[in-house]
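# Understanding the architecture of this molecule
Below, each chain spelled out in residue letters.
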Amino acid sequence: IEREVMSGVSVAGTWFRRESYNFQQTINRLVGVSDYSAFEVANPLTGAPLTIYNLNPAKQGLVDLLDTTADRDQARYSFNGFEVTFKARLPFGSNMFGGWSAGKAVNVTCANLSDPNTFNNCDHSLLGIPYRHSFKMSGSFPLPYGLTVGTSIVSNAGSLLGSNVVDPTLAVNWAVPANLFPGGRTQPVTVRLDTPGSRYLERWNQMDINVRRTFRVGNLRVDP
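No experiment lies behind these values; they were computed from the predicted model shown.

### Topic: the side chain of Arg 76
By secondary structure assignment, the location of Arg 76 is in strand E7 (residues 75-89). Among residues more than four places away in sequence, those in contact with Arg 76 are Glu 19, Ser 20, Tyr 21, Phe 23, Val 106, Asn 107, Val 108 and Ser 125.

### Examining the packing of aromatic side chains
One pass over the structure, following the stated rule, counts two aromatic pairs. Taking the centre distance of 6.0 Å and the plane angle of 50 degrees together, the rings of Phe 82 and Tyr 131 count as tilted. Of this pair, Phe 82 sits in strand E7 while Tyr 131 sits in the loop between strand E8 (95-109) and strand E9 (132-142); the two residues are 49 residues apart in sequence, bridging distant segments of the chain. Positioned above the aromatic ring of Tyr 21, the side-chain terminus of Arg 72 is 5.2 Å from the ring centre. Above the ring of Tyr 200, the side-chain terminus of Arg 132 is found at 3.8 Å from the ring centroid.

### Considerations on the pattern of salt bridges
All chains considered together, the criterion is met by eight salt bridges. Glu 19 is the partner of Arg 72 in a salt bridge, and the nearest nitrogen-oxygen pair spans 2.3 Å. Of this pair, Arg 72 sits in the loop between strand E6 (65-69) and E7 while Glu 19 sits in strand E2 (residues 9-20), and the two are 53 residues apart along the sequence. For Arg 72, a relative accessible area of 40% gives the class partly exposed. Between Arg 212 and Asp 223 there is a salt bridge; the shortest N-O distance is 2.1 Å. Taken as a pair, Arg 212 in strand E13 (residues 204-213) and Asp 223 in the segment after strand E15 (220-222) lie far apart in primary sequence, 11 residues in all. Exposure remark for Arg 212: the relative accessible area of 40% places this residue in the partly exposed category.

### Points about a nonpolar patch on the surface
On the surface, a cluster of nonpolar side chains totalling about 330 Å² of accessible area is made up of Val 5, Met 6, Val 11 and Val 84. Assignment of secondary structure puts Met 6 in strand E1 (residues 2-6).

### Regarding the pairing of E8
On any regular strand, side chains alternate: one points to one face of the sheet, the next to the other face. Across 15 bridges, E7 lies against E8 in antiparallel orientation. Across the sheet, Val 84 pairs through a bridge with Trp 100, a residue of E8. Between the end of E7 and the start of E8, which pair antiparallel, lie five residues, with Phe 92 showing a positive phi angle near 65 degrees. Looking at chain direction, E8 and E9 are connected through nine bridges and run antiparallel.

### With respect to the nonpolar core
Across soluble globular proteins, nonpolar side chains show a tendency to be buried alongside one another. Counting 11 residues, the largest nonpolar core consists of Phe 39, Val 41, Leu 50, Ile 52, Val 172, Trp 174, Val 176, Phe 181, Val 189, Val 191 and Leu 193. Elements that contribute at least two residues to this core include exactly strand E4 (36-42) and strand E5 (49-55). In contact with Val 189, not counting residues within four places along its chain, are Ile 52, Tyr 53, Asn 117, Trp 174, Ala 175, Val 176 and Phe 181.

### Comments concerning the sheet that holds E13
Across the sheet, which stays open at both edges, the seven strands sit in the order E1-E2-E7-E8-E9-E10-E13 with antiparallel pairing between neighbours. The outermost strands of the open sheet, each flanked by one partner alone, are E1 and E13. Across the sheet, the mean angle from the axis of one strand to that of its neighbour is 10 degrees, orientation sign disregarded. Across eight bridges, E9 lies against strand E10 (residues 147-156) in antiparallel orientation.

### Details of the environment of Pro 49
Positionally, Pro 49 belongs in strand E5. The exposure class of Pro 49 is exposed, given its relative accessible area of 63%. Once the C-alpha coordinates of Pro 49 and Leu 170 are considered, the two residues, 121 residues apart in sequence, prove to be 22 Å apart. Apart from residues no more than four positions distant in its own chain, Pro 49 is found in contact with Glu 40 and Val 41.

### Remarks on the pairing of E5
Sheet topology places E4 next to E5; seven bridges connect them, and they run antiparallel. Its bridge partner being in E5, Phe 39 is matched across the sheet by Ile 52. Following E4, the chain reverses through six residues before pairing antiparallel with E5; Gly 47 in that reversal takes a positive phi of roughly 85 degrees.

### Considerations on the side chain of Asn 117
Structurally, Asn 117 is set in the loop between E8 and E9. Residue classification places Asn 117 among the buried positions, given a relative accessible area of 9%. At 2.9 Å, the side chain of Asn 117 and the backbone nitrogen of Tyr 53 are in polar contact. At 3.0 Å, the side chain of Asn 117 and the side chain of Asp 115 are in polar contact.

Rules behind the numbers
Residues numbered from 1 in each chain as written. Predicted model: local features only at pLDDT ≥ 70, side-chain atom pairs only at ≥ 80, totals over all residues. Heavy atoms only, no water. Helix = DSSP H or I, 4+ residues; strand = E, 2+ residues; numbered from the N terminus. Contact = heavy atoms within 4.5 Å. Phe/Tyr/Trp six-rings, centres within 6.5 Å; stacked < 30°, edge-to-face > 60°. Lys NZ or Arg CZ within 6 Å of the ring centre and 35° of its normal. Salt bridge = Lys/Arg side-chain N within 4 Å of Asp/Glu carboxyl O. Buried < 20%, exposed > 50% of the residue type's maximum accessible area, 1.4 Å probe, protein only. Patch = residues over 30% accessible without salt bridge, like charges linked within 9 Å, V, L, I, M, F, W, Y side chains within 5 Å. Areas by Shrake-Rupley, 256 points an atom, 1.4 Å probe, with all protein chains shown as cover. Pairing = 2+ DSSP bridges. Core = buried A, V, L, I, M, F, W, Y, C linked by side-chain atoms within 4.5 Å. Axes fitted to C-alpha atoms, helices over the stretch in contact; angles between N-to-C directions. Polar contact = N/O pair within 3.5 Å; in protein donor to acceptor, adjacent residues only side chain to side chain.

Such coordinate-based values are descriptive only and should not be taken to indicate function.
This is the structure in structure tokens:
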């Protein structure tokens, strides 16, 4: 929605919504959740009890893979975003532009029925994932002698190192050492130690200032 609120000034509001589901998944029909035994270790990040699952040795190496479609309540991705911007044409040839935006991505990855180690915090919709906010402002102002000064300021919620669109959070993963498995480890296990949505890099802010002047050289226009 965009509307002119006064002469030369307009405001726009936008809502973004995306959702993806019916993801393809591969399951092992010879191995299920009941084929794992649980034991507890200390979370090396927080010290709290952490449940790990070890595969029954009798099921080790059994494979019968099936490609299928995951249920929507077990695997999906959704994004909600909002943006408010303004544009203003000011006196003497000046102009300004700015806005605020906020977005939240929620990922559900609970469809791996062959390994209960993947179930810990797999439904991000239950975790209160926060909205991440960004701001921007820019403008240009004419000066005497044909000069124009411009500036822009951007404040983003943080560049997410090693992240992707599906899970825009930092993660702490742990490869569980083999010596912690009672009776011996039957397969490697890697688990996430932190809660999704609890760790982000710090905001990053950027400011640019430029001064420009247009020169005419014959039929050419030079704009340094």
